[in-house]
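Reading the structure
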Amino acid sequence: MNRRNFLRLGLASVALPALPFQAEKSKLKITGVRLVRTRPRNPVPRYTPAPGSWSTGGVEVANPMSIYPEYKARRSLFQPDPGKLGGFTVEISTDKGVKGLGNGGTGGGTVVEQHFTKLLVGEDPFNVERIWDILWRSSMYYGRGGLVTYAISGVDIALWDLVGNALQLPVYKLLGGETKPRIPAYCTGNDVEQHIKFGFHRLKLAIPYGPADGREGMRQNAELVKRTREALGPDGDIMLDCWMSWTVPYTLEMAEMVAPYRVYWMEECLQPHDYEGFGRLNAEIKSTRIATGEHEYTRYGFRQLLEHRSASIWQPDVHWCGGFTELRRIASLAAAYDLPVIPHGGGDFEPIHFIMATTNSPWAELFLPAPGGPDEVYRRWEEDNHITRGPEGIYARPSDRPGLGWDVEIA
């Protein structure tokens, strides 16, 4: 018996388990698309955060509107009011009862409801590449970024969740499986004492001041970095989130001021479309790395970052850049140039699946609940994020439940 016949007989004798819908005569078809509100099946207790906590959102953070005094104190003064133009959750259902949920960015839900629904109904949800391309091409004349890619992102995430539910596999298994046993994480926010006590060795600071605050603001920024380095010790990593609020000259001077405190990266120092400015920072600043991409869209935007050599770390957001399908393309583009991809909000429920499955995505971003709560809040947060501790501080993992592992109910 030759080898080919032997293998054929051997494979024929293996009884493979049937997939949940495999006995059906037809493929899955999308039959419903709707926006929903979700709530946790087991919500954590509500509490009043400790006074002065950064996590409340009531403290000043440098932003693009800081040049206008009436909007400077906090982001809520210029951002949409709650419930007016927020993020959205889309539920996609099929003729076999299999469903998927996905979150998208601010305002994208309107595009899903008013345009994309008619393109989705009747499609096979497993055809994620085809569906992505249909949504992209059909909205190109009025989109290519912002609300449209927020809408595509939510739909795409829901499709990956649906496919995972159909196959009874977690999404990270669909994206490529484990590339690391657990994911090193950093914590964003200025409640530094809480974050260090919890066990984080990597901290990202939300920088309070920008050019509108003059030299005194620069000194206070540097003092915050200095205090954090003293509290963290010599070996941990410090990153700075500048949220589109600085200029090239301001960034060059701030980089020099904080150089003694070994900053690992400076993030989104400029407005996101200033590819040339980022390129100058990336070329001239030697004391730290330049990171950006949180507010960039699709592989075409990241190609601009590449062509201008604008950053040494890319930070796409899966809810905004085009979902998992596009995030994989962005990461592949980055991998060809040895660029790490560290997604914005990467420790969140969905993007951590991407990080687990991607070799050039080394860290996850986490946000601790505000200080001042009962112990149950932080215990539940550890459980939900599968937190462990080790030599790099805090580690996280995605859920091993099917799909994205949602544990919610429709409100």
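A brief report on the enclosed structure follows. Per chain, the residues get numbers from 1 upward, laid out in the order the sequence is written. Where totals are concerned, whole chains, interfaces and linings use all residues; where local detail is concerned, this predicted model gives features only for residues with pLDDT of at least 70, and gives and counts side-chain atom pairs only at 80 or more. As a convention, hydrogens and water are excluded, and side-chain values are obtained from all of the structure's heavy atoms.

We now examine the overall build of the protein chain. Scanning the protein chain for helices and strands turns up 13 helices and 14 strands. Computed over C-alpha atoms, the radius of gyration of the protein chain comes to 23 Å, within 12% of the 22 Å expected from 2.2 N^0.38 for 411 residues, which places it in the range of a compact globule. If one aligns the C-alpha atoms of the protein chain with their principal axes, the spans along those axes are about 75 × 50 × 50 Å. In this scheme, a residue with accessible area under 20% of its type's maximum is buried, one over 50% is exposed, and one in between is partly exposed, where area comes from a 1.4 Å probe on protein chains only. For the protein chain, the residues scored as buried account for 53% of the 411 residues in total. Excluding contacts between residues fewer than 6 apart, the proportion of contacts in the protein chain whose partners are at least 24 apart in sequence is 70%. Each accessible area value is a Shrake-Rupley result obtained with a 1.4 Å probe; residue values ignore everything except the protein chains displayed when judging cover. Total accessible area computed for the protein chain in this model is approximately 19,500 Å², and 52% of it derives from carbon and sulfur atoms. Between the mean site of the 46 positive side-chain charges and the mean site of the 48 negative ones, the protein chain shows a separation of 6 Å. Secondary structure counts use DSSP, requiring at least four H or I residues in a row for a helix and at least two E residues in a row for a strand, with both numbered from the N terminus. In this setup the radius of gyration rests on C-alpha atoms only. A globule is expected at 2.2 Å times the number of residues raised to 0.38. Whether two residues are in contact is decided by their heavy atoms, any of which lying within 4.5 Å being enough. Only four residue types enter the charge count: Lys and Arg as positive, Asp and Glu as negative, with His and the chain ends excluded. Charged side chains are reduced to one point each, which is NZ for Lys, CZ for Arg, CG for Asp and CD for Glu.

Two aromatic rings, drawn from Phe, Tyr or Trp (for Trp, its six-membered ring), form a pair once their centres lie within 6.5 Å of each other, and the interplanar angle then sorts them: stacked below 30 degrees, edge-to-face above 60, tilted otherwise. For the structure shown, the criterion picks out 16 aromatic pairs. Ring plane angle 20° and centroid distance 5.9 Å describe the contact between Trp 136 and Tyr 300, whose orientation is recorded as stacked. Of this pair, Trp 136 sits in helix 3 (residues 128–139) while Tyr 300 sits in helix 10 (residues 298–307), and the two are 164 residues apart along the sequence. With centroids separated by 5.1 Å and ring planes inclined at 55°, the aromatic side chains of Trp 246 and Tyr 250 adopt a geometry described as tilted. Judged by relative accessible area, which is 4%, Trp 246 ranks as buried. Feature note: the residues Tyr 186, Tyr 264, Trp 265 and Trp 363 constitute an aromatic cluster, connected by ring pairs.

Structurally, Glu 267 is set in strand 8 (residues 263–267). Polar contact is the term for a pair of N or O atoms within 3.5 Å; when the atoms are in protein, one must be able to donate a hydrogen and the other to accept it, and sequence-neighboring residues count only if both atoms are side-chain atoms. A distance of 2.9 Å separates polar atoms of two side chains, one belonging to Glu 267 and the other to Gln 315. With residues up to four places along the chain from it excluded, the contact list for Glu 267 reads Lys 204, Leu 240, Asp 241, Cys 242, Trp 243, Ala 291, Glu 294 and Gln 315.

This part covers empty space enclosed by the protein. Both cavities and pockets are sets of points on a 1 Å grid over the protein atoms alone; in a cavity a 1.4 Å probe fits but cannot get out, in a pocket the set is open with protein on both sides within 12 Å along at least five of seven lines, and lining residues sit with an atom within 4 Å of a point. Grid points are joined across faces, edges and corners, and a volume is the space filled by probe spheres set on the points. Applying the stated rule across the entire model yields one cavity of 30 Å³ or more. Estimated volume of the largest cavity: approximately 30 Å³. Taken together, Ala 255, Val 258, Ala 259, Val 263, Met 266, Ser 287 and Thr 288 make up the full set of residues lining the largest cavity. Elements supplying a minimum of two residues to the lining of the largest cavity: helix 8 (248–258) and strand 8. When residues are sorted by character, Ala, Val, Leu, Ile, Met, Phe, Trp, Tyr, Cys and Pro go into the nonpolar class, Asp, Glu, Lys and Arg into the charged class, and all the rest, Gly among them, into the polar class. A class-by-class count of the residues in the lining of the largest cavity yields five nonpolar, two polar and no charged.

A few words on the packing of helix 2 (residues 108–120) against helix 4 (residues 147–167). For helices, the fitted axis covers only the stretch in contact; all axes are lines through C-alpha atoms, and the angles between them, taken along N-to-C directions, range from 0 to 180 degrees. Where helix 2 meets helix 4, the axes come as close as 9 Å, and the angle between the chain directions of the two elements is 60°. Taken together, the axis directions place helix 2 and helix 4 in an arrangement best described as oblique. Remark: the crossing between helix 2 and helix 4 carries right-handed chirality. Mapping the contact onto sequence places Gly 108, Val 111, Val 112, Phe 116 and Leu 120 in helix 2 and Leu 147, Val 148, Tyr 150, Ala 151, Ile 152 and Val 155 in helix 4. Of the residues that constitute the contact of helix 2 with helix 4, the class distribution is 10 nonpolar, one polar and no charged. Each angle gets one of four labels, with under 35 degrees taken as roughly parallel, over 145 as roughly antiparallel, 65 to 115 as roughly perpendicular, and the rest as oblique. Note on convention: the crossing is left-handed when the near helix lies turned anticlockwise from the far helix by less than a right angle, right-handed when the turn is clockwise.

We now examine the nonpolar core. In this structure, Phe 116, Phe 200, Leu 240, Trp 314 and Phe 324 are the most contacted members of the largest nonpolar core, which totals 88 residues. Looking at which element gives the most residues to this core, the answer is helix 4, with 10 residues. When residues no more than four places from it in sequence are discounted, the contact partners of Phe 116 are Val 111, Leu 135, Ser 138, Ser 139, Tyr 142, Val 148, Ala 151 and Ile 152. Residues belong to one nonpolar core when they are buried, are Ala, Val, Leu, Ile, Met, Phe, Trp, Tyr or Cys, and are joined through side-chain atoms within 4.5 Å. Among the nonpolar cores identified, the runner-up in size contains seven residues, and Ala 291, Ile 313, Ile 342 and Trp 363 belong to it.

Moving on to the pattern of salt bridges. One speaks of a salt bridge when a side-chain nitrogen belonging to Lys or Arg is within 4 Å of a carboxyl oxygen belonging to Asp or Glu. Inspection of every chain in the model, using the stated rule, returns 25 salt bridges. When the shortest N-O distance is used, the salt bridge between Arg 41 and Asp 407 registers 3.3 Å. Linking Arg 41 in the loop between strand 2 (38–40) and strand 3 (88–94) with Asp 407 in the loop between strand 13 (393–396) and strand 14 (408–410), this pair joins segments that are 366 residues apart in sequence. Between Arg 303 and Glu 307 there is a salt bridge whose closest N-O contact spans 3.9 Å. Placement of the pair is Arg 303 and Glu 307 together in helix 10, with a separation of four residues, close to one helical turn.

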